[in-house]
Amino acid sequence: MKVLITREIPQVGINLLKEHKEIEIDYRKGPPLSREELKRAVKDVDAIIPVIPDQISKEIIEHADNLKVIAAYSVGYDHIDLDAATRKNIYVGNTPGDLTEAVAEHSFALMMSLGRRVAEADRFCRAKRYEYWDPMAFIGPKFMNKTLGIIGFGRIGQFFARMAKNGLNMRILYTDVISHPEGENLLDAEKVSLDYLLTNSDVVSIHVNLTEETKHMIDHDQLKLMKPLSILINTSRGPIIDENALVTALKEGIIAGAALDVFENEPHIHPDLLKLKNVVLTPHIASATWEARIQMARMAVENVIDVLVDKKPPRYIVNKELIKDIVSSIV
Ligand code: DGY
């Protein structure tokens, strides 16, 4: 049995796989595979551990003759054609819950960095432009007692809200398709409409999955609702924001700034975002803590071992319709 791992991951995952002598590992540690390289590499594998930029399209899935499981090295699986996999009875697994703190902490870091102009001031110092102390330089807002609007109040959104509430006494507003009474109780959070959230928040942070419904959820009309001094943070998926509309809003002062870890056409970044001062940019690193990445490796490999060695569905299965018979026989 053969497993393709498309990029370097923490050794803990490799060690777990190596405990199973019957598994051959095709471990690619170099740069991302091109579409053609990926197509060739999947031809005879039983499992793939792909990373976020690997597009596991219908074409790739149909080309993989022996594929039994796609074990995403991520929580998000918008890079995998779920329908195509399900049609071929190929399990798709992910790594839920492993990066909650990491992504929430990065969202917090982006908020502070943008507001307190950390990245901009760092560039100023490195350019040897600090010649005298200027009482009016690099002034930004304080966040204590301000309002944080969370779009998507799942694990990550609630963890960010917890830090903002407990650390900075921020008022928490949220939107979500479902209510979260426990989060409301713990954090005094209020479930509101998207329009209300955008109109009333000083900081808006996005924590929803990318789906047909959430694509361009924040466009020109939504940005226009935001306060002129407010900031927008995105650590979820780039296409949730209409990037052209965001650039216009930033240039025209419709909002004060944006801090982005994800982009509409990654790894391409809109050239105007690169020029704007009221923007902080990071290269999709919100989950980049040792703890999160080690756990991602472990969980992705556990999904593979479940299917290939233990002949059962992956424990962190995404396409649950493949196990509905098992579930209904238990219930
Ligand atoms: C995920 O897991 O979905 C992150 O975006 C990448 O770590």
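Just so it is clear, the structure is predicted and the values come from calculations on it, not from any experiment. (Residues numbered from 1 in each chain as written. Predicted model: local features only at pLDDT ≥ 70, side-chain atom pairs only at ≥ 80, totals over all residues. Heavy atoms only, no water.)

Peer 1: For the pattern of salt bridges, give the residues involved together with the corresponding values.
Peer 2: Under the defined criterion, the tally for this structure stands at 16 salt bridges. Between Asp 65 and Lys 43 there is a salt bridge whose closest N-O contact spans 2.8 Å. Here Asp 65, found in the loop between helix 3 (58-63) and strand 4 (69-71), pairs with Lys 43, found in the loop between helix 2 (35-42) and strand 3 (47-49); they are 22 residues apart in sequence, far enough to count as distant. Across the salt bridge formed by Glu 62 and Lys 58, the nearest N and O atoms sit 4.0 Å from each other. Of the two residues, Glu 62 and Lys 58 both sit in helix 3, four residues apart, roughly one turn of that helix. Given a relative accessible area of 45%, Glu 62 falls into the partly exposed group. Overall, Lys 58 belongs to the partly exposed group, its relative accessible area being 40%. Linked by salt bridges that have partners in common, Arg 35, Lys 39 and Glu 59 make up one network. (Salt bridge = Lys/Arg side-chain N within 4 Å of Asp/Glu carboxyl O. Helix = DSSP H or I, 4+ residues; strand = E, 2+ residues; numbered from the N terminus. Buried < 20%, exposed > 50% of the residue type's maximum accessible area, 1.4 Å probe, protein only.)

Peer 1: Go over the site of the ligand with me, naming the residues and quoting the values.
Peer 2: As a matter of local geometry, the ligand sits amid Ile 52, Ser 74, Val 75, Gly 76, Leu 99, Arg 237, His 284, Ser 287 and Met 296. For the ligand, an oxygen atom lies 2.7 Å from a polar atom in the backbone of Val 75. A distance of 2.8 Å separates an oxygen atom of the ligand from a polar backbone atom of Gly 76. Considering the ligand on its own, with 230 Å² of exposed area, one finds that the protein chains cover 88% of that surface. Considering only residue class, the shell around the ligand consists of four nonpolar, four polar and one charged. (Near = heavy atom within 4 Å. Polar contact = N/O pair within 3.5 Å; in protein donor to acceptor, adjacent residues only side chain to side chain. Areas by Shrake-Rupley, 256 points an atom, 1.4 Å probe, with all protein chains shown as cover. Nonpolar A, V, L, I, M, F, W, Y, C, P; charged D, E, K, R; others polar.)

Peer 1: Go over unusual backbone geometry, please, and point to the residues and values.
Peer 2: Residue Pro 267 is reached from Glu 266 by a cis peptide bond, and omega for that bond is 5 degrees. Its location among the elements puts Pro 267 in the loop between strand 11 (257-260) and helix 12 (271-275). In this model, Lys 128 sits at a positive phi of 55 degrees, which is unusual for a non-glycine residue. Position of Lys 128 relative to the elements: it lies in the loop between helix 6 (118-126) and strand 6 (147-151). Its relative accessible area of 70% is what places Lys 128 among the exposed residues.

Peer 1: Any chance you could break down the sheet that holds strand 5 (residues 91-93) for me, citing the residues and the numbers?
Peer 2: The strands making up a sheet associate through backbone hydrogen bonding, with each pair oriented either parallel or antiparallel. Strand order across the open sheet formed by five strands is 2-1-3-4-5, with parallel pairing between neighbours. Sheet topology places strand 2 (24-27) and strand 5 at the edges, where each strand pairs with a single neighbour. Averaged over neighbouring strand pairs, the angle between their axes works out to 15 degrees when direction is ignored. Pairing between strand 1 (residues 2-5) and strand 2: four bridges, direction parallel. In the strand pairing of strand 2, Val 3 is matched with Ile 25. Each of strand 1 and strand 2 is contacted by helix 1 (residues 11-18), which is oriented at about 155 degrees to strand 2, the strand it contacts most. Helix-sheet contacts for helix 13 (residues 290-308) involve strand 1, strand 3, strand 4 and strand 5, and the interaxial angle to strand 4 is about 165 degrees. (Pairing = 2+ DSSP bridges. Axes fitted to C-alpha atoms, helices over the stretch in contact; angles between N-to-C directions. Contact = heavy atoms within 4.5 Å.)

Peer 1: I'd like to hear about the environment of Ser 201, residue by residue, with values.
Peer 2: Position of Ser 201 relative to the elements: it lies in the loop between helix 9 (194-200) and strand 9 (203-206). Here Ser 201 falls in the buried class, since its relative accessible area comes to 0%. Along the primary structure Ser 201 and Ala 137 are separated by 64 residues, whereas in three dimensions their C-alpha atoms are 25 Å apart. With near-sequence residues (within four places) excluded, Ser 201 lies in contact with Thr 147, Leu 148, Gly 149, Leu 173, Lys 227 and Ser 230. Within polar-contact distance, the side chain of Ser 201 engages the backbone nitrogen of Gly 149 at 3.4 Å. Polar contacts involving the side chain of Ser 201 include one to the main-chain carbonyl oxygen of Leu 197, which spans 2.7 Å.

Peer 1: Describe the domain arrangement of the chain, naming the residues involved and giving the relevant values.
Peer 2: Split by domain assignment, the chain resolves into domain 1 (2-96 + 290-330) and domain 2 (99-281). Placing a centre on the C-alpha atoms of domain 1 and another on those of domain 2 gives a separation of 32 Å. Contacts between the two partners involve seven residues from domain 1 and, on the opposite side, five residues from domain 2. For the domain 1 and domain 2 pair, buried surface summed over both sides reaches about 530 Å², with 61% attributable to carbon and sulfur atoms. For domain 1, the biggest contributors to the area lost against domain 2 are Val 75, Asp 78 and Ala 292; these three give 58% of the whole. Where domain 1 touches domain 2, the interface holds one salt bridge. The partner of Asp 78 in a salt bridge is Arg 237, with the nearest N and O atoms 2.9 Å apart. (Domains from an automatic or database assignment. Buried area = accessible area lost by both parts, 1.4 Å probe.)

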